[in-house]
Structures are given as C-alpha cells and as structure tokens.
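Analysis of the macromolecular model
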Amino acid sequence: MITVYGRATSSNVQIVMWTLAELGVPHERLDYGHVHGGTDTEDYRAMNPMGLVPALRDGDVVMFESAAIHRYLCARYGRAPFWPDDPALRGPLDSWAEWVKTAFMPALLNGLFYPLVRRDPALLTPEIVAQGEAAIAPLATMLDARLGQGPWLAGGDFTFADILTGHGLYRYFTLPFARPDLPNLAAYYARLCQRPAYARHVQISYEPLRFKPE
Ligand SMILES: N[C@@H](CCC(=O)N[C@@H](CS)C(=O)NCC(=O)O)C(=O)O
C-alpha cells in the first residue's frame, strides 16, 4: 500500500493525490503538516529532510518533492498515452509541466495566494495585489497560447503533464484578483473541473489556511 504523508489542502500534496487517482493506484493519505504537525520528527525528516509535505512511501521507495513523486508514480504505474513511452513526445510536454511548477506557481503563490490568504490582511495593499497581477498575467497568457484549443496539453490525450499544468488553476481561478481574458485557459480549467479526480483532490477549499490572529 502506498502512503502519502501530507494535508489535503497542500497544492503539492494535491499533485500526488490527483496523480494516484488518475492512475487508479490504491493508496492511503495521512494528515501531516500545518495544523496537523508531525513533520518535525526524526522519522519524518528521514523521509523529507525539508520537513515539508508531501512525502511518499511505496514499499522500500521513500521520496519527497511532489513533482519527482509525480513522475515516479507515472513511470512506475502509468501507461501511454498518459505517460508517453517516447521521450521525444514526453520531453516537450514535461517542459511545460516543469515550467508551471517552477515559474507559474511561485508567481501565483508568492504574488497572490500568500498575500491574499496566508498573510495578515492588515499587510495587504492594492499595490501588492497589482504587483501579483502583473507578475502572473504574462505567464497565464503564455500558458493560454500553448494550450490553444486543447483539449489537453498534448492535444487529444490527457497526460501526466496536465496534472502539473492544471493543479494550480483552482487557486488561479478562485482567488479574488483581476485576470486577463484568456479563453483557452478558461476552457481548459472548465474541462479539468469535469474530471472526478480533479474535483476530489484539487478543488479543496483553502479557507483552513487563511491567516488567523494569535
Ligand atoms: N518543492 C516542494 C515544496 C513542498 C512545500 O512547500 N510544501 C508546503 C505545503 S504546499 C509545506 O510543507 N508547508 C508546511 C506545512 O504544511 O506544514 C514540493 O513540491 O514538494
């Protein structure tokens, strides 16, 4: 049995949970991190030396870093077309997946999610929101152009890459900020919302993460 360590509200845990659900691999998830704690023990740090979530145990395989876990699960349990056999097909899709994880998501989380949800609202100013909007808009525009009519990143087939490109879009589309009009991205998000695994593992309220005064 695969065990995922991490709270359901973490966007990085959501990558792993959504992947497992799309692959149909049996697993359990244990609440770790944030209000649940448990990440600062010697045992947990042996799995994730950063003391962050997620961590994963699959028999003798122990891993941290959500994108690495995602690719491990796809390589071990996935089949084409979800996990293309041909590296020449998989690689260019992975460029976009990696770019969303390392460029789009930091801009969204640092520029908007943390100021609007995680931090004390007394610190929020219109300038901070405007800066966040200015940082994410060109990246969202790039993703919209790459997606085109889709329906998925690879065209007709839903693949591993859609999990990394799609996992942050729930926050992108539900946070209160001004978004450019990007019809391809909006249609892609609407299609993701039709997937039961996305609804179950990604469309999870982030209200429990909202700043609370001491
Ligand atoms: N690069 C790491 C980042 C992990 C990370 O930042 N996790 C956050 C949640 S999304 C965390 O552990 N926060 C502290 C906590 O929940 O206790 C990954 O993708 O797995």
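Here goes a summary of the coordinates provided. Here the structure is a predicted model, which is why all the values come from computation and not from measurement.

1. Remarks on the nonpolar core
Ranked by size, the top nonpolar core spans 42 residues in total, and within it Val-16, Leu-108 and Ala-161 carry the most contacts. The two domains that each donate at least three residues to this core are domain 1 (2-77) and domain 2 (87-202). Residues contacting Leu-108, with those up to four places away along its chain left out, are Phe-113, Ile-136, Gly-168, Arg-171 and Tyr-172.

2. Structural notes on the sheet that holds strand S1 (residues 2-5)
The strand order across the open sheet built from four strands is S2-S1-S3-S4, with neighbouring strands paired in mixed fashion. Of all the strands in the sheet, just strand S2 (27-30) and strand S4 (61-64) have a single pairing partner and so form its edges. Strand-to-strand, the axes of this sheet are offset by a mean angle of 15°, without reference to chain direction. Of the strand pairs in this sheet, S1 and strand S3 (residues 55-58) are connected by three bridges, and their pairing is antiparallel. Paired with Tyr-5 across the strands is Ala-55, a residue of S3.

3. A closer look at the environment of Ala-140
Mapped onto the fold, Ala-140 is located in helix H5 (residues 126-147). C-beta crowding within 10 Å serves as the criterion here: with 19 such atoms nearby, Ala-140 is assigned to the partly exposed category. Sequence-distant contacts of Ala-140, defined by excluding residues within four places in its chain, comprise Arg-179, Pro-180, Leu-182 and Leu-185.

4. Some points on the site of the ligand
In the vicinity of the ligand, the contacting residues are Ser-10, Ser-11, Asn-12, Gly-33, His-34, Thr-39, Leu-52, Val-53, Pro-54, Glu-65, Ser-66 and Ala-67. Secondary-structure elements contributing two or more residues to the shell around the ligand are helix H1 (11-23) and helix H3 (66-77). Considered class by class, the residues forming the shell around the ligand number four nonpolar, seven polar and one charged.

Criteria and cut-off values
- Residues numbered from 1 in each chain as written.
- Predicted model: local features only at pLDDT ≥ 70, side-chain atom pairs only at ≥ 80, totals over all residues.
- Core = buried A, V, L, I, M, F, W, Y, C linked by C-beta atoms within 7 Å.
- Buried ≥ 20, exposed ≤ 12 C-beta atoms within 10 Å, placed from the backbone.
- Domains from an automatic or database assignment.
- Contact = placed C-beta atoms within 7 Å.
- Pairing = 2+ DSSP bridges.
- Helix = DSSP H or I, 4+ residues; strand = E, 2+ residues; numbered from the N terminus.
- Axes fitted to C-alpha atoms, helices over the stretch in contact; angles between N-to-C directions.
- Near = placed C-beta within 6 Å.
- Nonpolar A, V, L, I, M, F, W, Y, C, P; charged D, E, K, R; others polar.

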